[in-house]
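# Structural overview for review
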Amino acid sequence: MTLPIGTYVVDIRTGRVGRFMGAAGPFLSLRPVGGGREWECAPDEVRPATAAERISATTAYVNARSRGEVT
């Protein structure tokens, strides 16, 4: 699967939504919605995120930021 940088994907191992940041050897580098520490995932362990999943992840981040839980 070829993904453009910035594509939203779901790590099927954990259910986390992240943005594809590039490949690091055999793994994909993913960054959480809203930024933060990247994590790596095998290409066969991700799938494209649906529009609902992107909106849900973004809303969760914005709500956490408004409560002061993230900066």
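Attention in this report is confined to the structure presented alongside it. Here the structure is a predicted model, which means the values were calculated and not measured.

Centre-to-centre distance and the angle between the planes together describe a pair of aromatic rings. Applying the stated rule across the entire model yields zero aromatic pairs. Over the face of the ring belonging to W39 we find R16, whose NZ or CZ atom lies 3.7 Å from the ring centre.

So, on to the nonpolar core. One finds L3, V9, F20, L28, L30, W39, C41 and V46 forming the largest nonpolar core, which totals eight residues. Within the residue set of this core, elements represented by two or more residues are β3 (27-32) and β4 (39-41). Non-local contacts of C41, meaning those with residues more than four positions away in its chain, are made with D11, R13, F27, L28, L30 and V46. Listed in part, the five residues of the second largest apolar core include V10, V17, A49 and A57.

On the basis of which strands lie adjacent, the open sheet formed by five strands has the order β4-β3-β2-β1-β5 and antiparallel pairing. The open sheet has two free edges, formed respectively by β4 and β5 (46-48), since each of these has just one partner strand. Going across the sheet, the axis of each strand differs from the next one's by a mean of 50 degrees, ignoring polarity. In terms of strand pairing, strand β2 (residues 17-24) meets β3 through six bridges, oriented antiparallel. Looking across to β3, one finds that A23 is bridged to L28.

Alignment of strand β1 (residues 8-11) against β2, held across three bridges, turns out to be antiparallel. Residue pairing for β2: V9 is matched across the bridge by G18. The turn joining β1 and β2, which pair antiparallel and follow one another in sequence, is formed by five residues; a positive phi near 85 degrees is taken by G15. Hairpin connection of β2 to β3: two residues between the antiparallel strands, including G25 at a positive phi of 70 degrees.

Considering all chains together, one arrives at five salt bridges under this definition. Put simply, D11 and R13 hold a salt bridge, and the shortest N to O gap is 2.8 Å. Put simply, R67 and E69 hold a salt bridge, and the shortest N to O gap is 2.8 Å. As far as the burial class goes, R67 and E69 line up, both exposed. What you see here is one network of salt bridges that share partners, running through D11, R13 and E45.

Reading guide: rules and limits
Residues numbered from 1 in each chain as written. Predicted model: local features only at pLDDT ≥ 70, side-chain atom pairs only at ≥ 80, totals over all residues. Heavy atoms only, no water. Phe/Tyr/Trp six-rings, centres within 6.5 Å; stacked < 30°, edge-to-face > 60°. Lys NZ or Arg CZ within 6 Å of the ring centre and 35° of its normal. Core = buried A, V, L, I, M, F, W, Y, C linked by side-chain atoms within 4.5 Å. Buried < 20%, exposed > 50% of the residue type's maximum accessible area, 1.4 Å probe, protein only. Helix = DSSP H or I, 4+ residues; strand = E, 2+ residues; numbered from the N terminus. Contact = heavy atoms within 4.5 Å. Pairing = 2+ DSSP bridges. Axes fitted to C-alpha atoms, helices over the stretch in contact; angles between N-to-C directions. Salt bridge = Lys/Arg side-chain N within 4 Å of Asp/Glu carboxyl O.

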